[in-house]
Amino acid sequence: MEITKERNKWLLGAIAVAVAAVLAFGLTACGGNSSSSSAADTASSEDKVITVGASPTPHAQILNDAVKPALEAEGWTLEVKEFTDYVLPNTATEDGEIDANYFQHIPYLEDFNAEQGTHLVNVAGVHIEPMRVYAGKAASLDELADGALVAVPNDATNEGRALLLLQSAGVITLNEDAGVTATPKDIKDNPKNLQFKEVEAASVPTVLPDVDIAVINTNYALSANIPADTILFTESGDSPYVNVLVVKEGNENTDKTKALVAAITSQDVKDYITKNYPDGEVVPVA
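Computed from a prediction, not measured in an experiment: that's the story for all the values here.

1. Focus on the nonpolar core
With 27 residues, the main nonpolar core has Ile50, Val52, Leu63, Val67, Leu71, Tyr102 and Leu260 as its most contacted residues. When contributions to this core are tallied by element, the ones reaching two or more residues are β1 (49-54), α2 (56-73), β3 (100-105), β4 (120-128), β12 (242-248), α8 (255-264) and α9 (267-276). Per-element accounting of this core gives the leading share, six residues, to α2. With residues up to four places along the chain from it excluded, the contact list for Ile50 reads Leu71, Trp76, Thr77, Leu78, Glu79, Asp99, Lys256, Ala259 and Leu260.

2. Quick word on the confidence of the model for the protein chain
Residue-level pLDDT values for the protein chain average 87, and 84% of them are 70 or greater. In this model residues 1-12 is a low-confidence stretch, pLDDT under 50, and it forms zero contacts with partners more than four residues away in sequence or in other chains. For the stretch residues 14-43, pLDDT sits under 50, and the model shows zero contacts to residues farther than four places along the chain or on other chains.

3. What about the sheet that holds strand β10 (residues 213-216)?
The five strands lie next to each other as β9-β6-β10-β5-β11, forming an open sheet whose pairing is mixed. Looking at strand neighbours, the two that pair on one side only are β9 (195-199) and β11 (231-234), the edges of this open sheet. Recorded for the sheet is a direction-independent mean angle of 20° between the axes of neighbouring strands. In this fold helix α5 (residues 156-168) packs onto β5 (132-135), β6 (149-153), β9, β10 and β11, with an angle of close to 135° to the strand it touches most, β6.

4. Details of the sheet that holds strand β2 (residues 77-82)
Spatial strand order, β2-β1-β3-β12-β4-β13: six strands in an open sheet with mixed pairing. Looking at the sheet topology across the chains shown, the edges are occupied by β2 and β13 (283-284). In the sheet, β3 pairs with β12 via four bridges, with the strands oriented antiparallel. Each bridged residue has a counterpart across the sheet, and for Gln104 the counterpart in β12 is Val244. Against the sheet, α8 touches β1, β3, β4 and β12, its axis set at about 60° to β1.

5. What to know about the packing of α2 against α8
At a minimum axis distance of 9 Å, the contact between α2 and α8 shows a crossing angle of 125°. The orientation of α2 relative to α8 falls into the category oblique. As α2 packs across α8, the resulting crossing turns out to be right-handed. Judged by residue contacts, Leu63, Val67, Ala70 and Leu71 of α2 engage Ala259, Leu260, Ala263 and Ile264 from α8. Looking at the contact of α2 with α8 residue by residue, the class counts come to eight nonpolar, no polar and no charged.

Cut-offs used in this document
Residues numbered from 1 in each chain as written. Predicted model: local features only at pLDDT ≥ 70, side-chain atom pairs only at ≥ 80, totals over all residues. Heavy atoms only, no water. Core = buried A, V, L, I, M, F, W, Y, C linked by side-chain atoms within 4.5 Å. Buried < 20%, exposed > 50% of the residue type's maximum accessible area, 1.4 Å probe, protein only. Helix = DSSP H or I, 4+ residues; strand = E, 2+ residues; numbered from the N terminus. Contact = heavy atoms within 4.5 Å. pLDDT = per-residue confidence, 0-100. Pairing = 2+ DSSP bridges. Axes fitted to C-alpha atoms, helices over the stretch in contact; angles between N-to-C directions. Parallel < 35°, antiparallel > 145°, perpendicular 65-115°, else oblique. Left-handed = near helix turned anticlockwise from the far one by under 90°. Nonpolar A, V, L, I, M, F, W, Y, C, P; charged D, E, K, R; others polar.

Shown next, in the form of structure tokens:
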């Protein structure tokens, strides 16, 4: 009788241990599946996020107001990272920190790749920002005094663009072989002996009160709220300086890039640009 009781106790104990082991395994398995599922969900969520670097105005505005809703309708999340210079958005795209950038025109992109050894490619033309000459101390181009001071961007393509614009305005003449990378050394005729103050593109608006005239990129003029009535001359509408969407070479045909290109080149974005920049500060690509 005692032997039977002891045997029953042993059997009950063994059964309890077995049940506990099964339950523990089940919980572990469930926990493992939950963790795997959570990781998969996170990865899937991250795959649907597109990060784009942009200048605050007008690029980030266009992305946030017009492109983001279109992407959301297709199941994508757009994150816009703002940059206030022309270098970091390209290096961030090259390094894979962001998926794309939207701030620059084609000549600048080509020059940047050549100078920095980067591998960035244009995947879509979006808009043109006509460069303009703004009044500082001088009220008009006709009133420029002998030796007047002119502020221009100091990076290769934008300085050349500024000088070509001044040539179009009739205040200087460049050598015939001067192109988009022209500098003041390429000036052939300078009847008013203009002096040039070369500064970083983003800083040109800040020196406007100290110079007679300045040639300013539209995005920086908009950010600085420079009055439209101080515009003295505007680049023609056939400008080759189209602002483009840029990705690293090899990412041209990813799902993210395809979705972003479709959204940013849509008619809704064109309509947004036309409506919000009625004075021609930003002109959508046809």
